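Chains, contacts and geometry: an overview
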Amino acid sequence: MPGLIGKKIGMTSVFSAEGKNVPCTVIETGPCVVTQIKTVEKDGYAAVQLGFQDKTEKHTNKPEAGHFKKAGVTPQRHLVEFKGFEQELKVGDKLTVDMLFEADAFVDVVGTSKGKGFQGVVKRHGFGGVGQSTHGQHNRLRAPGSVGASSFPSRVFKGMRMAGRMGGDRVTVQNLQILKVIPEHNLLLIKGSVPGAKNSIVYINK
């Protein structure tokens, strides 16, 4: 799917035409520069590589510097491939938010969820807790309970829901509505929340 790279600015709310207060996420979307055109003949598949956010030569290693020099563009901090662009693109072209998106359209947003650290089963998997809070219970209210039989199979099955690290995963939220496009500031206002912390990188797919 065609799309652009963006940066999550934060959340706010806007009033709809009916006077309803609608929560939304503000995303700085683009401008993205075309750094490479991949073709079936040369690369085995067709895609467009986009770059987002300039960075200095000092923080660019030599292979990256050669790649950007060949494309004739300044070094980019983030590179992502998208497929299915309708318009004919060339290396060095700049894509802005109003070229791809319009109000009331629906998009998919891909981001990395906030890391929560090591969490128990109640927070991580929504367990209800074990047993009653009285009759001698001490500190077992949020315990996971049994994880398997002792005699057979004498092991814990793979995939058993247990405590562990939570968050920091790649998450895709589908069918989010675009409330407003502000091309002069490269902003998208998307209804609802999207995964990730403030200033994190997200991918908006058409």
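Anything mentioned here points back to the structure above.
Bear in mind the structure is a predicted one, so any value in this text is a computation, not a measurement. (Residues numbered from 1 in each chain as written. Predicted model: local features only at pLDDT ≥ 70, side-chain atom pairs only at ≥ 80, totals over all residues. Heavy atoms only, no water.)

Enumeration according to the criterion identifies two salt bridges in this entry. The residue Glu64 makes a salt bridge to Lys55 at a minimum N-O spacing of 3.1 Å. With a relative accessible area of 15%, Lys55 lands in the buried category. (Salt bridge = Lys/Arg side-chain N within 4 Å of Asp/Glu carboxyl O. Buried < 20%, exposed > 50% of the residue type's maximum accessible area, 1.4 Å probe, protein only.)

For the rest of this paragraph, the subject is a positive patch on the surface. Together, Lys114, Lys116, Lys123, Arg142 and Lys198 make up a positively charged patch on the protein surface. For Lys114, the location among the structural elements is in the loop between β7 (106-112) and β8 (117-119). (Patch = residues over 30% accessible without salt bridge, like charges linked within 9 Å, V, L, I, M, F, W, Y side chains within 5 Å. Areas by Shrake-Rupley, 256 points an atom, 1.4 Å probe, with all protein chains shown as cover. Lys, Arg positive; Asp, Glu negative; His and termini not counted. Charge placed at Lys NZ, Arg CZ, Asp CG, Glu CD. Helix = DSSP H or I, 4+ residues; strand = E, 2+ residues; numbered from the N terminus.)

Turning our eyes to something else, we now look at the sheet that holds strand β1 (residues 3-15). An order of β1-β2-β11-β10-β7-β12 is seen for the six strands of this closed barrel, with the pairing classed as antiparallel. On average, each strand axis in the sheet is tilted by 50 degrees relative to the strand beside it, whichever way the strands run. Relative to strand β12 (residues 201-205), β7 is paired through three bridges, and the arrangement is antiparallel. The partner of Val109 across the bridge, within β12, is Ile204. (Pairing = 2+ DSSP bridges. Axes fitted to C-alpha atoms, helices over the stretch in contact; angles between N-to-C directions.)

With antiparallel pairing, the four strands of this open sheet are ordered in space as β5-β4-β3-β6. Two strands bound the open sheet, and with one partner strand each, they are β5 (76-82) and β6 (94-95).

Turning next to the pairing of strand β2 (residues 21-29). Summarising the sheet, β1 and β2 pair through nine bridges and their orientation is antiparallel. Within β2, the residue paired with Lys7 across the bridge is Glu28. Counted along the chain from β1 to the antiparallel partner β2, the turn is five residues long, and its residue Gly19 has a positive phi close to 90 degrees. Examined bridge by bridge, β2 and strand β11 (residues 187-191) share five bridges and lie antiparallel to one another. Bridging from a neighbouring strand, Glu28 pairs with Leu187 of β11.

Pairing geometry for β1 and β12, over five bridges, is antiparallel. By the bridge assignment, Gly6 is partnered in β12 with Val202.

Below, the discussion takes up a nonpolar patch on the surface. Together, Val156, Phe157, Met160 and Met162 make up a nonpolar patch on the protein surface, roughly 330 Å² of accessible area in all. Of note, Met160 is situated in the loop between α4 (121-125) and β9 (164-166).

Where helix α2 (residues 62-71) begins, the side chain of Asn61 points an oxygen toward the backbone nitrogen of Glu64, at a separation of 2.9 Å. Immediately beyond the C-terminal end of α2, within one or two residues, lies Gly72, with a positive phi of roughly 75 degrees. (Polar contact = N/O pair within 3.5 Å; in protein donor to acceptor, adjacent residues only side chain to side chain.)

Here we take up the side chain of Asn205. Relative to the helices and strands, Asn205 is located in strand β12. Dropping the residues within four chain positions of it, Asn205 is found in contact with Met1, Pro2, Gly3, Phe82, Val107, Asp108 and Val110. (Contact = heavy atoms within 4.5 Å.)

This part covers the environment of Gly128. By secondary structure assignment, the location of Gly128 is in the loop between α4 and β9. With a relative accessible area of 80%, Gly128 lands in the exposed category. Put simply, Gly128 and Pro144 are 16 residues apart on the chain and 8.9 Å apart in space, counted from C-alpha to C-alpha.

This next bit is on unusual backbone geometry. The peptide bond linking Gly30 to Pro31 adopts the cis configuration, its omega dihedral lying at -5 degrees. The topology assignment puts Pro31 in the loop between β2 and β3 (32-38). Phe152 connects to Pro153 through a cis peptide bond whose omega is 10 degrees. You will see that Asp104, though not glycine, has its phi angle at about 75 degrees, which is positive. Of the residues examined, Asp104 reaches a relative accessible area of 52% and is grouped as exposed. Even without being glycine, Asn186 reaches a positive phi, approximately 55 degrees. Within the secondary structure, Asn186 sits in the loop between β10 (170-182) and β11.

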